[in-house]
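Survey of secondary and tertiary structure
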Amino acid sequence: MRTERGAGSAVVLSAERHLVTNAHVVGRLDRGQVAFADGTAGPFAVVGRDPLSDLAVLRSSIDVPEPPEFGDADTLLVGSLVVAVGSPLGLEGSVTAGVVSALGRSIPARGRTASRLIEDVIQTDAALNPGNSGGALADSRGRVVGINTAVAGFGLGLAVPVNATTRRILDSLRLDGRVRRAYLGLVSVPTPLEARWAARTGTRRALRVAEVVGGSPAESSGIRRGDLLLAINGEPLKDAQSLQRHMFAEAIGQRTEITVLRGEAMVDVVTEPEELLD
């Protein structure tokens, strides 16, 4: 795909001519040109973009090939074989192979006024170069498990995972052109629980609060730095994604109960997430 910003890659998303790419590839542009390996080419329009996940949905004005099968990045293991497809350095239809070299990485993303971390990013040693952004990262069965997003260094590339949270984002972009998110105002990191608490709660991991934003719903509800978040509305919080998938439109302004381990006590904190405005 080509825009006034330069070249990039994209993946067919649906039979309705939708494509997915990175938000940073299209920037604030509304249209560009797309070309396929069979020689067909034509314009596309941007349906929606979400800089906070670095994803954008396009719609081509020409027929598109059949969409690939999309997998689930949550099933990947370190060492899993992966293949990156895209147009690095303008060389269309290039394929590179490698392995998943790490999982659970985070990269910062910024919108116009808001910022957040893209969680559970896939790290791979499959060669990525400028132009690969927006292309597919596929597993050994050809299922798309990530959207290549960044070259982090020599022999190191990063991809936005395809998982339940990503699917919700893509559905929102395709249907509404934007993503509405709920906002708590905290930064957390996964951490293992002590054995005695793991036995008592039935979960081995929690989210440790590293920072609480002043004036945020989290601060107003009494959540403190150092708290361990165990569950939200009764569902265990074992990783960043387990919290993020609760932070969509339906949570805005709704009573939300978070179970917190503070010192030697478990307490239930009630908060009302606000809408994250960008």
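Scroll up to find the structure this text is about.
Remember, predicted model here, so these are calculated numbers, not experimental data.

**Remarks on the overall build of the protein chain**
- A count of helical and extended segments in the protein chain gives five helices and 21 strands.
- Its C-alpha atoms give the protein chain a radius of gyration of 20 Å, near enough to 19 Å, the size a compact globule of 278 residues would have.
- Burial status across the protein chain gives 48% buried among its 278 residues.
- Long-range contacts, defined here as pairs at least 24 residues apart, represent 58% of the contacts in the protein chain between residues at least 6 apart.
- On the protein chain, roughly 13,600 Å² of surface is accessible, and the fraction owed to carbon and sulfur atoms is 50%.

**Digging into the side chain of T259**
- As for its placement among the helices and strands, T259 is situated in strand β19 (residues 256-262).
- For T259, a relative accessible area of 18% corresponds to the buried category.
- Of the polar contacts made by the side chain of T259, one reaches the side chain of D268; its length is 3.0 Å.

**Things to note about helix α2 (residues 164-176)**
- Here α2 contains 13 residues, and its C-alpha end-to-end distance of 18 Å stays within 8% of the 18 Å for a straight helix at 1.5 Å per residue.
- Along α2, the positions that sit buried rather than exposed are T165, T166, I169, L170, S172 and L173. Taken down its axis, α2 places every buried residue within 160 degrees of arc, on the same side.
- Where α2 is buried, its residues contact β4 (18-21), β6 (41-50), β7 (55-60), β13 (156-161) and α5 (240-244).
- At the N-terminal boundary of α2, the capping side chain belongs to N163, with an oxygen 3.2 Å from the backbone nitrogen of T165.

**Examining the pattern of salt bridges**
- The full count for this structure, using the stated rule, is 12 salt bridges.
- Through salt bridges with shared partners, a single network forms among R178, R180 and E275.

**Brief notes about the environment of G32**
- By the secondary structure assignment, G32 is in strand β5 (residues 31-35).
- With 30 residues separating them in the primary sequence, G32 and R2 have C-alpha atoms 5.8 Å apart.

Calculation rules
Residues numbered from 1 in each chain as written. Predicted model: local features only at pLDDT ≥ 70, side-chain atom pairs only at ≥ 80, totals over all residues. Heavy atoms only, no water. Helix = DSSP H or I, 4+ residues; strand = E, 2+ residues; numbered from the N terminus. Rg over C-alpha atoms; globule rule 2.2 N^0.38 Å. Buried < 20%, exposed > 50% of the residue type's maximum accessible area, 1.4 Å probe, protein only. Contact = heavy atoms within 4.5 Å. Areas by Shrake-Rupley, 256 points an atom, 1.4 Å probe, with all protein chains shown as cover. Polar contact = N/O pair within 3.5 Å; in protein donor to acceptor, adjacent residues only side chain to side chain. Expected span 1.5 Å × (residues − 1). Arc of directions from axis to C-beta. Salt bridge = Lys/Arg side-chain N within 4 Å of Asp/Glu carboxyl O.

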